[in-house]
Amino acid sequence: MAVLQQELTLGEAADQLARALPGHRVEILQGRLTVTPPPDGSHALSLTKLGRAFDRAGIVEAGHEYVQGIGLWLPTLPEDFAIPDFSIVDEDFRDAHVRKNYYAPNVFRMVVEVTSSNWSDDLGPKVECYAQADIPVYLIADRKHDEVLLYADPADGKYPDPQRFKRGQTVPVPESVGVSLGLSVDTLLDGDD
């Protein structure tokens, strides 16, 4: 008996994987399908405390919102998209819907990734993709290397070298995000105060 196989597009394969792996984050970065496991407790707590810090700093009054897990359409390749852990977006970001649950990069002021088991995606392809998408600020809580990296102000599709912050330090949120705020490296890495 012959079996007919249908070749899937990368986008179709991503959709099938997302349905087959509830709770996992499926992204396409530079034409490569990636799957991230669900966050652990420290990862989730870091994002919760990050949201609280932006609330206290007045992010909504500044005309922005913070959101977790919404799609960011990437201009790198036709089917590329990322789903940042945490993003600061313009309050009217929903008007910039591209397709599915992806939004145009011009409404993102800042994206944050807290590394998981596939930490190399956050430190490699996402740096390149977010710079090419002209995301003003990219913050990485790099739990693998126990530091926080701050990329800002991309030019010609590249970020300058990142600022690096160690435990006990505070990361200043760049003014371009719209609020004055310092973030604890320890909280970003562990979710602890």
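One can find the structure itself at the top, above this paragraph.
Residues numbered from 1 in each chain as written. Predicted model: local features only at pLDDT ≥ 70, side-chain atom pairs only at ≥ 80, totals over all residues. Heavy atoms only, no water.

**Some remarks on the side chain of Ser46**
Okay, so step 1: Among the secondary structure elements, Ser46 is positioned in helix H2 (residues 41–57).
Okay, so step 2: The class for Ser46 is buried, based on a relative accessible area of 3%.
Okay, so step 3: Each residue touching Ser46, except ones within four places of it in the same chain, is listed here: Val114, Thr187, Leu188, Leu189, Asp190 and Gly191. (Helix = DSSP H or I, 4+ residues; strand = E, 2+ residues; numbered from the N terminus. Buried < 20%, exposed > 50% of the residue type's maximum accessible area, 1.4 Å probe, protein only. Contact = heavy atoms within 4.5 Å.)

**Observations concerning the pairing of strand E6 (residues 86–90)**
Okay, so step 1: Most of E6 sits out of view: 5 of its 5 residues are buried.
Okay, so step 2: By the bridge criterion, 4 bridges tie strand E3 (residues 64–67) to E6 in an arrangement that is antiparallel. Paired with His64 across the strands is Asp90, a residue of E6.
Okay, so step 3: By the bridge criterion, 4 bridges tie E6 to strand E9 (residues 108–114) in an arrangement that is antiparallel. Among the inter-strand pairings, Ser87 is bridged to a residue of E9, identified as Val111. (Pairing = 2+ DSSP bridges.)

**Quick word on helix H4 (residues 125–132)**
Okay, so step 1: Counting buried positions over the 8 residues of H4 gives 6, a clear majority of the element.
Okay, so step 2: Listed as buried for H4 are Pro125, Lys126, Val127, Cys129, Tyr130 and Ala131.
Okay, so step 3: Among the residues trailing H4, Asp134 stands out with phi positive, at a value near 65 degrees.

**Regarding the sheet that holds strand E10 (residues 137–142)**
Okay, so step 1: Taken together, the 6 strands give an open sheet; going across it, the order is E3-E6-E9-E10-E11-E12, and neighbouring strands pair in mixed fashion. At either end of the open sheet lies a strand with only one pairing partner, and these are E3 and strand E12 (163–165). On average, adjacent strands in this sheet sit at an angle of 15 degrees to one another, irrespective of strand direction.
Okay, so step 2: Looking at chain direction, E10 and strand E11 (residues 147–152) are connected through 6 bridges and run antiparallel. Its bridge partner being in E11, Leu139 is matched across the sheet by Leu150.
Okay, so step 3: Along the sheet, H4 contacts E9, E10 and E11; its crossing angle with E10, the most-contacted strand, is approximately 165 degrees. (Axes fitted to C-alpha atoms, helices over the stretch in contact; angles between N-to-C directions.)

**Looking at the packing of aromatic side chains**
Okay, so step 1: The tally for this structure, following the rule as stated, stands at 7 aromatic pairs.
Okay, so step 2: Seen in terms of ring centroids, Tyr138 and Tyr151 are 6.0 Å apart; in terms of plane orientation they differ by 20 degrees. Their pairing is stacked. Note that Tyr138 is positioned in strand E10 and Tyr151 in strand E11, a separation of 13 residues in sequence. The same class applies to Tyr138 and to Tyr151, which are both buried.
Okay, so step 3: Ring pairs connect the aromatic residues Tyr130, Tyr138, Tyr151 and Tyr159, which therefore count as one cluster. (Phe/Tyr/Trp six-rings, centres within 6.5 Å; stacked < 30°, edge-to-face > 60°.)

**Digging into H2**
An α-helical turn contains 3.6 residues, so a residue and the one three or four places further along point in the same direction.
Okay, so step 1: Across its 17 residues, H2 extends 24 Å between first and last C-alpha, which sits within 8% of the 24 Å expected from 1.5 Å per residue.
Okay, so step 2: Three or more residues of H2 are buried, namely His43, Ser46, Leu47, Lys49, Leu50, Gly51, Ala53 and Phe54.
Okay, so step 3: Packing partners of the buried residues in H2 comprise E3, E6, E9, strand E14 (182–184) and helix H5 (185–190).
Okay, so step 4: A distance of 3.3 Å separates the backbone nitrogen of Ser42 from a side-chain oxygen at the start of H2, and that oxygen is part of Asp40.
Okay, so step 5: Just past H2, the residue Gly58 takes up positive phi, approximately 85 degrees. (Expected span 1.5 Å × (residues − 1). Polar contact = N/O pair within 3.5 Å; in protein donor to acceptor, adjacent residues only side chain to side chain.)

**A closer look at the environment of Ile28**
Okay, so step 1: Topologically, Ile28 is positioned in strand E1 (residues 25–29).
Okay, so step 2: Judged by its relative accessible area of 1%, Ile28 falls in the buried class.
Okay, so step 3: Distance in space between the C-alpha atoms of Ile28 and Trp73 is 9.8 Å, their sequence separation being 45 residues.

**Details of the environment of Pro125**
Okay, so step 1: Within the secondary structure, Pro125 is located in helix H4.
Okay, so step 2: Spatially, the C-alpha atoms of Pro125 and Gln30 are 7.1 Å apart, while their sequence positions differ by 95 residues.
Okay, so step 3: Contact partners of Pro125, with chain neighbours within four places excluded, come to Leu29, Gln30, Arg32 and Ser120.

Purely geometric stuff here, so don't read any function into it on its own.
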